[in-house]
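# A closer look at the structure
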Amino acid sequence: MSRVLGATAIQCSAVSRAWRESAISTRLATPGVVHVADLSNESGAQVRNILQAMFGKRSVVVSSPTAVRATLPMFPFAAQPEDAYPGQVSSAEPLQGVCPVCGMPCSFERFTENLRESGFCSSCGSFNRQRQLAHVLRRQCGLRAAGAMVFPQDFVIYNTESNGAMHTQLSVASGYLCSEYFGEEYERGQDVDGRRHEDLQNLSFGDASIDLVLSSDVLEHMPDPYRAHSEIFRVLRPGGRHIFTVPFNAQAAHDDIRAKFVDGQIVYLADKQFHGDPVRPDEGILVWTIFGLEMLVRLADIGFQPFAWNLFQPDEGIVGSYSLVFEARKA
């Protein structure tokens, strides 16, 4: 069963107002990453109360293929306890179920200590993080839980990557668009060896032209992620949504900005981190930002209704202490 967390635009506006009050903003401006759990003064209590109102405090029953059941409190992004998911995840025995990416019965194999990036579908090769995105996509777009993903003829999907299991499954849709980022020397929308080049911070698409944007661990790899969010808001049609994953510290009040541009040069504010990059497999790609609760506030400021899901669905190959997927919806 998925653990669903939601926040309305009005509730996020309340967080935005609280963020701007001097007592809170001063406390949160302490150098370094400030954790919500560390805010013990009156301002911290106010932030915690608002967050609790945003996301609710309730319990849900989590089920697994091995019939392990646990009731888990949620506030606001509670980690799944280690004993809530099946022990065979870390062993040679695969999980069995239906993959939300390809919609086929399958086994989920070869999990590693990095659960989020492993556990491959025997049918389409998808791994855990891709299935998390697909689960929310199917749910929010009203698609069947199994079988191929079928969209209306005029439904426009923009996927910010042009490889992998999700790309393969979605590429048959009539309104499917995809791209990669190849470097600042290319024009937006330019064809590069048969693939479209786009910079999310300056998209080539027209206003209100896209129904669904998908990005999976992409926004942390650009110097101005909120400019990218603003561009996505611009190109989405009313009622459109951006479903995405990013590295997210559920207890951090502020984003952790690890690098920034100063006078045209990259200034590193923390140890360099690089993620794998299918476009440049020998180089990797720099992590500029690890996101915190500030992200929800800034999405609301742009005009989005932000939502979040902490998923736990072993029969879909979705396991781990945190399986966070975000949705930014344009009203």
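On a predicted model such as this, the values are computed, not experimentally measured, just so you know.

Procedures and definitions
Residues numbered from 1 in each chain as written. Predicted model: local features only at pLDDT ≥ 70, side-chain atom pairs only at ≥ 80, totals over all residues. Heavy atoms only, no water. Phe/Tyr/Trp six-rings, centres within 6.5 Å; stacked < 30°, edge-to-face > 60°. Helix = DSSP H or I, 4+ residues; strand = E, 2+ residues; numbered from the N terminus. Buried < 20%, exposed > 50% of the residue type's maximum accessible area, 1.4 Å probe, protein only. Patch = residues over 30% accessible without salt bridge, like charges linked within 9 Å, V, L, I, M, F, W, Y side chains within 5 Å. Areas by Shrake-Rupley, 256 points an atom, 1.4 Å probe, with all protein chains shown as cover. Salt bridge = Lys/Arg side-chain N within 4 Å of Asp/Glu carboxyl O. 1 Å grid on protein atoms, 1.4 Å probe; cavity = no way out; pocket = protein on both sides within 12 Å on 5 of 7 lines; lining within 4 Å. Points joined across faces, edges and corners; volume = space filled by probe spheres on them. Nonpolar A, V, L, I, M, F, W, Y, C, P; charged D, E, K, R; others polar. Expected span 1.5 Å × (residues − 1). Contact = heavy atoms within 4.5 Å. Polar contact = N/O pair within 3.5 Å; in protein donor to acceptor, adjacent residues only side chain to side chain. Disulfide = S-S within 2.5 Å. Pairing = 2+ DSSP bridges. Core = buried A, V, L, I, M, F, W, Y, C linked by side-chain atoms within 4.5 Å.

## Describing the packing of aromatic side chains
In total, this model carries ten aromatic pairs according to the counting rule given. Their ring planes at 50° and their centres at 5.2 Å tell us that Phe261 and Trp288 sit as a pair that is tilted. One end of the pair, Phe261, is in strand 14 (residues 259-262); the other, Trp288, is in the loop between strand 17 (285-286) and strand 18 (289-290), and 27 residues separate them in sequence. Judged by its relative accessible area of 48%, Phe261 is partly exposed.

## Topic: a nonpolar patch on the surface
Together, Ile257, Val262, Val267 and Leu269 make up an exposed nonpolar region whose accessible area comes to about 290 Å². Structurally, the position occupied by Val267 is in strand 15 (residues 265-268).

## A word on unusual backbone geometry
Of note in the backbone geometry, Asp193 takes a positive phi value of approximately 50° without being a glycine. The residue Asp193 is located in the loop between strand 9 (191-192) and strand 10 (195-196) in this model. With a relative accessible area of 78%, Asp193 lands in the exposed category.

## Thoughts on empty space enclosed by the protein
With the rule as written, the count across this model stands at one cavity of 30 Å³ or more. Empty space within the largest cavity amounts to approximately 70 Å³. If you trace the largest cavity, you find it lined by Gln130, Leu133, Asn159, Glu161, Met166, Leu214, Ser215 and Ser216. Taken together, the elements giving at least two residues each to the lining of the largest cavity come down to helix 4 (128-140) and strand 11 (210-216). The element that contributes the greatest number of residues to the lining of the largest cavity is strand 11, accounting for three residues. Taken together, the residues of the lining of the largest cavity break down into three nonpolar, four polar and one charged.

## Let's talk about helix 4
A turn of α-helix holds 3.6 residues, and therefore any two residues three or four places apart point the same way. Between its first and last C-alpha atoms helix 4 spans 19 Å; for 13 residues at 1.5 Å apiece the expected length is 18 Å, and the two agree. Note on helix 4: the residue one or two positions beyond its end, Gly142, has a positive phi of about 70°.

## So, the pattern of salt bridges
Throughout the structure, instances matching the rule amount to twelve salt bridges. Note that Asp217 is salt-bridged to Arg129, the shortest N-O span being 3.6 Å. Of the two residues, Asp217 sits in the loop between strand 11 and helix 6 (225-235) while Arg129 sits in helix 4, which places them 88 residues apart along the sequence. Look at Arg129 and you get buried, because its relative accessible area is 11%. Here the salt bridges share partners, and the residues they tie into one network are Arg116, Glu117, Arg129 and Asp217.

## Some points on the environment of Asn202
As for its placement among the helices and strands, Asn202 is situated in the loop between strand 10 and strand 11. Between the C-alpha atom of Asn202 and that of Ala228, which follows or precedes it by 26 residues, the distance is 7.1 Å. Discounting residues that sit within four places of it in the chain, Asn202 has contacts with Arg188, Arg227 and Glu231. There is a polar contact of 3.1 Å between the side chain of Asn202 and the side chain of Arg188.

## With respect to the state of the cysteines
Taken as a whole, this structure holds zero disulfides when the rule is applied. Here Cys106 is not disulfide-linked; the sulfur of Cys121 is the nearest cysteine sulfur, at 3.6 Å.

## As for the pairing of strand 4 (residues 95-98)
Burial of strand 4 is one-sided: the residues Leu95 and Gly97 facing one way are buried, the residues Gln96 and Val98 facing the other way are not. Hairpin geometry of strand 4 and strand 5 (residues 105-109) is characterised by an intervening segment of six residues between the two adjacent antiparallel strands and by a positive phi of about 75° at Gly103.

## Here's the deal with helix 6
When we look at burial in helix 6, the residues that qualify are Pro225, Tyr226, Ala228, His229, Glu231, Ile232 and Val235. The inward-facing, buried residues of helix 6 abut strand 11, strand 12 (236-245), strand 18, helix 7 (294-302) and strand 19 (304-310).

## Let's talk about the nonpolar core
Burial of nonpolar side chains together is a common tendency in soluble globular proteins. Counting 33 residues, the largest nonpolar core has Leu137, Phe151, Ile157, Met166, Leu170, Leu214 and Ile243 as the members making the most contacts within it. Those elements that place two or more of their residues in this core are strand 5, helix 4, helix 5 (164-170), strand 11 and strand 19. For this core, the element with the most residues is helix 4, which contributes four residues. For Leu214, the contacting residues outside a window of four places in its chain are Leu133, Leu137, Ile157, Tyr158, Asn159, Thr160, Met166, Leu170, His242 and Ile243. Of all hydrophobic cores here, the second largest spans 29 residues; its members include Tyr226, Ala228, Leu236 and Ala250.

## Some thoughts on the environment of Asn159
Relative to the assigned elements, Asn159 resides in strand 7 (residues 157-159). A C-alpha to C-alpha distance of 9.1 Å links Asn159 and Ser216, two positions 57 residues apart in sequence. Within the structure, the side chain of Asn159 is placed 3.0 Å from the side chain of Tyr176, a separation counted as a polar contact.

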